[in-house]
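Observations on the three-dimensional arrangement
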Amino acid sequence: MASSATFAKLDAASSTWIGHQSFSSLPLPSSRLAPSRVSLPIRAGQYTDELLKTAKTIASPGRGILAIDESNATCGKRLDSIGLDNTETNRQAYRQLLLTTPGLGQYISGSILFEETLYQTTTDGKKMVDCLVEQNIVPGIKVDKGLVPLPGSNNESWCQGLDGLASRTSEYYKQGARFAKWRTVVSIPCGPSALAVKEAAWGLARYAAISQDSGLVPIVEPEILLDGDHGIERTLEVAEKVWSEVFFYLAENNVVFEGILLKPSMVTPGAEHKERASPETIAKYTLTMLRRRVPPAVPGIMFLSGGQSEVEATLNLNAMNQVPNPWHVSFSYARALQNSVLKTWKGQPENVEAAQKALLVRAKANSLAQLGKYTGEDESDEAKKGMFVKGYTY
Ligand code: 13P
C-alpha cells in the first residue's frame, strides 16, 4: 500500500529529530531569551518546578485522567440518560460516587472537575478535592467557558473564557486545583477554515500561558470532532495542521512545554465513513501525527474518547502503547469511563458499590492499556456500545 511506504520513510526520518538524548540536564525555558531582536529575558515563572512535578505525577505509569468536568448542562445529559433530574443534589451524588471509589488512585492520577465540584463537599461534609488528594489523584479544573459561533467562519465555533481567566485560575489554585483544561473544537466537515484553526490555537496558547502563571498545568485540547464521512488520511492532514498551529502559538506565548499535557483526539476515520479502522491502524496514524508534531519535552498525551465505545477507546490506547513512545501515552476519558458506571448506578443508592466496581473495571482496563497489556477479554456488551452522537455538544 502506498501509504505504508510513506509512513516507513517518514518514521525513519523523524527519528533523527525526535532523538533519544535526555533533555533533563538542559536549562529550562525560564532562563531563555525571547525570540529574535526582543532581547529582554523572559521572567522565570514562580511555579515552574511545581508545574513539572504536577505534570509528571499525572503522567505516571499505569495511570490516566478521569474527566468529570461536564458543565451543569452536559451533566444533565448524563443524568437524563438514567432518568434523573439535573439537580445539584443528583450531581453531587454522582460525583461523590465517582470520587470516593476505593482504590481509584491506583489507576487514576488526575481528575478534571467542573467549578461546582471543586467547591463542593460530599454529603458527609468532606471536600471533594480532599477525596482526590487522599488517593494521590491531582485535582483539575475546566476553565473554558464553552463554545459559541465564530463569525466569519464556515459555521464553526470558538471557545470563550480568556477574560478574567488569570483571577479565576489563581482562585482555583487556592481551592486545590493543580491542573486545568480548555477544550476547543475543530470540525472537519465545516472545513476547517484557516480562521477557525488559528483562533483555536491562539486561544489554547493564551490559556496555557495564563494557567502556568497561576501554577496550573494546562491540558491543551483542540478536539477534532469525529463527525464526518471523511477517511483517516483527511483526519491526519487536519490533525497535523491543527497541532502545528497550536505548537507555534504555544512557543510564541513562552509556554513551558515540560509543564503542559495534551488531550488530542485519536486519528480515526470520520464517524460516518464507510469503513472502520482497526486499533493498529488508528495507532499507526495517531502516533505518526504525534511524532511529526509534538516535541518530546511534552510529558504526557492524554487522549479524549470522543464518542468511541469504552472498549474501542481502551483497545486503541493499548495499540498505541505497543511501542516505546517519547511521551507518556494515556487517557483522559469522560464518556469512555462513565458509561457503564451510569448504567449500573441508575441513581439508586443500593447500586453505588456496584457502580464503583464498574468504574474500577474501566479504570483498570485503561491502566493496562497505558502499559500496553490490555487483552480486551471479558468485556460486557454495554462497554462495547458506541457513544457517538452526531453534532454532540459538551
Ligand atoms: P470524552 O470525549 O472522553 O467524553 O471527553 C472529552 C472531554 O474533554 C472531557 O473532559
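Here is a short report on the structure shown in this document. (Residues numbered from 1 in each chain as written. Predicted model: local features only at pLDDT ≥ 70, side-chain atom pairs only at ≥ 80, totals over all residues. Heavy atoms only, no water.)

1. Here's the deal with the pairing of strand β2 (residues 108-113)
Most of β2 sits inside the fold, with six of its six residues counted as buried. Relative to β2, strand β1 (residues 64-68) runs parallel, the two being bridged by five bridges. Bridge assignment links Ile68 to a residue of β2, and that residue is Leu113. When β2 meets strand β3 (residues 138-142), the two strands line up parallel, connected through four bridges. Looking at the pairing, Gly110 lines up with Val138 of β3. (Buried < 20%, exposed > 50% of the residue type's maximum accessible area, 1.4 Å probe, protein only. Helix = DSSP H or I, 4+ residues; strand = E, 2+ residues; numbered from the N terminus. Pairing = 2+ DSSP bridges.)

2. Comments concerning the packing of helix α3 (residues 72-80) against helix α4 (residues 88-99)
Look at α3 against α4: their axes get within 11 Å of each other, and the N-to-C directions meet at 75°. With respect to each other, α3 and α4 are oriented roughly perpendicular. Of the residues in α4, those touching α3 at Asn72, Cys75 and Leu79 are Asn90, Arg91, Tyr94 and Arg95. A class-by-class count of the residues in the contact of α3 with α4 yields three nonpolar, two polar and two charged. (Axes fitted to C-alpha atoms, helices over the stretch in contact; angles between N-to-C directions. Parallel < 35°, antiparallel > 145°, perpendicular 65-115°, else oblique. Contact = heavy atoms within 4.5 Å. Nonpolar A, V, L, I, M, F, W, Y, C, P; charged D, E, K, R; others polar.)

3. A look at the environment of Ser157
Looking at the secondary structure, you find Ser157 in strand β5 (residues 157-159). In this structure Ser157 comes out as buried when scored by relative accessible area, which is 19%. Taking the C-alpha atoms as reference, Ser157 lies 7.1 Å from Ala196; in sequence the two are 39 residues apart. Among all residues touching Ser157, those that are not within four sequence positions of it are Leu147, Val148, Pro149, Leu150 and Val185.

4. Considering the side chain of Asn316
With respect to the helices and strands, the residue Asn316 is situated in helix α11 (residues 310-320). Sequence-distant contacts of Asn316, that is, excluding residues within four places in its chain, are made with Met266, Pro279, Ile282 and Gln308.

5. Structural notes on helix α7 (residues 165-174)
Every buried residue of α7 is accounted for by Leu165, Arg168, Thr169, Tyr172 and Tyr173. An end-on view of α7 places all buried positions within 140° of arc, on one side of the element. Backbone geometry just downstream of α7 places Gly176 in the positive-phi region, at approximately 115°. (Arc of directions from axis to C-beta.)

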